Amino acid sequence: MVNTIKPVIWIGSSLRDLRGLPQQVRRDIGQALYAAQQGETDPAAKPLKGFGGTRVMEIVERYRTDAYRAVYTAHFENAVYVLHVFQKKSKSGIATPKPDMDLIRQRYAEAMRHHKERQN
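Residues numbered from 1 in each chain as written. Predicted model: local features only at pLDDT ≥ 70, side-chain atom pairs only at ≥ 80, totals over all residues. Heavy atoms only, no water.

Outline helix H2 (residues 23-37), listing residues and values.
Taking 1.5 Å of rise per residue, 15 residues should cover 21 Å, and H2 covers 21 Å from first to last C-alpha, within 8% of that figure. Of all the residues in H2, the buried ones are Val25, Ile29, Ala32, Leu33, Ala35, Ala36 and Gln37. In this structure, the buried side of H2 is in contact with strand S1 (8-10), helix H1 (14-19), strand S3 (57-63), strand S4 (66-73) and strand S5 (80-88). (Helix = DSSP H or I, 4+ residues; strand = E, 2+ residues; numbered from the N terminus. Expected span 1.5 Å × (residues − 1). Buried < 20%, exposed > 50% of the residue type's maximum accessible area, 1.4 Å probe, protein only. Contact = heavy atoms within 4.5 Å.)

Dropping the structure here:
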């Protein structure tokens, strides 16, 4: 069986945001996204709470003393949608901050609309 590589579709400012991160973080996130393109799950990717199961995944990267996140969905059969890339600045626990969660929900809805348009 031949594995097909799904294309990556960047929603909003996610690609520009990724380009602003340290090179090592970009490389690690890229590797995790490549695994998603192949239908696999990188060890750095975990389901993002609040979306029910594995529909939305969060790549967790640490670099020096900072934490970085990339959120994507491979829920659609034709593409991997990168919803949000950011440096986590919240010092109050491991939860993703509410403004980031709101943006992720908005961009997930945008990814669903994009996917439906591509089906027609």
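Please set out the sheet that holds S4 residue by residue, giving values where relevant.
Taken together, five strands build an open sheet; the order of strands is S1-S5-S4-S3-S2 and the sheet is mixed. Looking along the sheet, the strands with just one partner apiece sit at the ends: S1 and strand S2 (45-47). Across the sheet, the mean angle from the axis of one strand to that of its neighbour is 35°, orientation sign disregarded. As defined by bridge partners, S4 adjoins S5 across seven bridges and the pair is classed as antiparallel. What sits directly across from Thr73, in S5, is Tyr81. (Pairing = 2+ DSSP bridges. Axes fitted to C-alpha atoms, helices over the stretch in contact; angles between N-to-C directions.)

Describe in detail the side chain of Lys6, supporting the description with residues and values.
Structurally, Lys6 is set in the segment before S1. Despite being buried, Lys6 has no salt bridge partner; Glu77 is the closest side chain of opposite charge, sitting 7.2 Å away. Polar contacts involving the side chain of Lys6 include one to the main-chain carbonyl oxygen of Ala74, which spans 3.2 Å. Leave out the neighbours within four places in its chain, and Lys6 touches Gln37, Ala74, Phe76, Glu77, Asn78, Ala79 and Val80. (Lys, Arg positive; Asp, Glu negative; His and termini not counted. Salt bridge = Lys/Arg side-chain N within 4 Å of Asp/Glu carboxyl O. Polar contact = N/O pair within 3.5 Å; in protein donor to acceptor, adjacent residues only side chain to side chain.)

Could you give an account of the pattern of salt bridges, naming the residues involved and the relevant values?
On inspection of all chains with the given rule, the structure shows two salt bridges. With its nearest N and O atoms 3.4 Å apart, the salt bridge here joins Glu58 to Arg69. Of the two residues, Glu58 is situated in strand S3 and Arg69 in strand S4; the sequence distance between them amounts to 11 residues. With a closest N to O distance of 2.8 Å, Asp102 and Lys98 form a salt bridge.

Shape descriptors only; they carry no functional weight alone.
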